[in-house]
Amino acid sequence: MAPMANNLVVSNINLEKTLSMTGGKGETSYVNNSQAQGKHARMMLHLLKDALDGVRLSSPESTFAVADLGCSCGSNTVYTVEVIIKHMIKRYEAAGCEAPEFSAFFSDLPSNDFNTLFQLLPPNGGATMEDCLASDNHRSYFVAGVPGSFYRRLFPSRSIDVFYSAFSLHWLSQVPEAVLDKKSKSYNKGKVFIHGATQTTAIEYKKQFQNDLGNFLGFRSKEMKRGGSMFLVCLGRTSPDPTHQAAAGHLFGTHFQDAWDDLVKEGLISSEKRDSFNIPVYAPSVEDFKEVVERDGSFVIKKLEVFRGGPLEVNHPDDAAEMGRALANSCRSVCSVLVDAHIGARLCNELFSRVAIRAINEAKKCRDHPQFDHVVASLSLT
């Protein structure tokens, strides 16, 4: 049973155990609200394949290992892993070499809905939202799920050839402590995200992101095989101002913020309850990202750029009701678990109903403005 309002603050201690995309296959699930991520991943395939062309071909006696970090539970991860493996098989064939066996590791936090994910894998996978499964319904690789935070060690030393992570690294390991401290100058009073917050608040988020990314790179540098490659994608921004969080700001800093304010004004929650909730997301700039990679020193940057993915995916962009629901469901699919844990299921429903209403009333802005910019990085070991 979900905690009732005023009973729980999602603390930094249990965030790792709580956070997940919405599981299952319902209307507000991640499975049914990740079409934009899938489209953007397909748009970046040429960049991914460029990175794969630099991977050293291993001997047929050595298993070729691919790991998707922050895989979530939708079909996008299955599609991308199959693209990676099929591309590598073609490289072996073109080189006249015998291909090794392939292993794919799907990794996410323990609360991830691995059951739904595994149901999408061939040869047992049924129909999906996208044409992501192999047409012959055959799987040419071994599979394992790896529960755990990618801000910790996940694999044995020198065991992974290709690391892939998309739409995940903008999630922080925790909300910066100073942001929730009423005595701190960085206290994010009145807000649930850093979009439009003070510079001192944003600096705390940037520090947390860079510390987390540093840990991520340090652990991957131990786990990746020599000659391997890492391809990373996360929400990003082009503005040098960290309080301008681009598409992340549109998701969490406009209608979502206003809906929290509605609950306070209507007396459904206290202002303190709102202020004790912050979304643990930071959309970095290329410079934010580059500083960490260079400071860590374990990886060579092959490519680092901002890629514009486009707006939300809907069937009828001019339909205000559909656009409003799409934005509310997209937001809900990635953060409702945290909201539910903080204020309970009933108020969670109230909150996202208000997000939808506000988004419907401003459907044109929702259609035109959430252009999803991503930081894309291709890295190899030094």
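First, a word on what this report is: a plain description of the structure on this page. Owing to the predicted nature of the structure, the values given are computational and were not obtained by experimental measurement.

**With respect to the environment of S107**
Note that S107 resides in strand β2 (residues 102–108). Linking S107 and A67, residues 40 residues apart in sequence, is a C-alpha distance of 7.1 Å. Those residues in contact with S107, other than ones at most four positions away along the chain, are D68, L69, G70, C71, F114, V146, G148 and L154.

**Considerations on the side chain of D262**
In this fold, D262 is placed in helix α8 (residues 255–265). Ignoring any residue separated from it by four or fewer positions in sequence, one finds D262 in contact with R354 and R358.

**Thoughts on helix α3 (residues 45–52)**
For α3, the full list of buried residues reads L45, L47, L48, A51 and L52. Axial view of α3: buried residues confined to an arc of 160°, hence all on one face. For α3, the elements touching its buried residues are α2 (35–43), α4 (75–94), β4 (160–166), β5 (224–235), β6 (299–308) and β7 (373–381).

**Quick notes on the pattern of salt bridges**
Using the criterion set out here, one finds 15 salt bridges in the structure. The closest approach of N and O atoms between D288 and K206, which form a salt bridge, is 3.5 Å. Of the two residues, D288 sits in helix α10 (residues 286–296) while K206 sits in helix α6 (residues 199–223), which places them 82 residues apart along the sequence. Classification of D288 as buried rests on a relative accessible area of 3%. A salt bridge links K303 to E305, with the nearest nitrogen and oxygen atoms 3.9 Å apart.

**Some points on the state of the cysteines**
Within the structure shown, the criterion is met by zero disulfides. C331 supplies the cysteine sulfur nearest to C335, a cysteine that is in no disulfide, at a spacing of 4.0 Å. Among the residues examined, C335 registers a relative accessible area of 0% and is labelled buried.

**Some words on empty space enclosed by the protein**
Inspection of every chain in the model, using the stated rule, returns two cavities of 30 Å³ or more. Taken as a whole, the second largest cavity holds about 40 Å³ of empty space. Those elements that provide at least two residues to the lining of the second largest cavity are α3, β4 and β5. A breakdown of the residues in the lining of the second largest cavity according to their chemical character gives nine nonpolar, one polar and no charged.

What counts, and where the lines are drawn
Residues numbered from 1 in each chain as written. Predicted model: local features only at pLDDT ≥ 70, side-chain atom pairs only at ≥ 80, totals over all residues. Heavy atoms only, no water. Helix = DSSP H or I, 4+ residues; strand = E, 2+ residues; numbered from the N terminus. Contact = heavy atoms within 4.5 Å. Buried < 20%, exposed > 50% of the residue type's maximum accessible area, 1.4 Å probe, protein only. Arc of directions from axis to C-beta. Salt bridge = Lys/Arg side-chain N within 4 Å of Asp/Glu carboxyl O. Disulfide = S-S within 2.5 Å. 1 Å grid on protein atoms, 1.4 Å probe; cavity = no way out; pocket = protein on both sides within 12 Å on 5 of 7 lines; lining within 4 Å. Points joined across faces, edges and corners; volume = space filled by probe spheres on them. Nonpolar A, V, L, I, M, F, W, Y, C, P; charged D, E, K, R; others polar.

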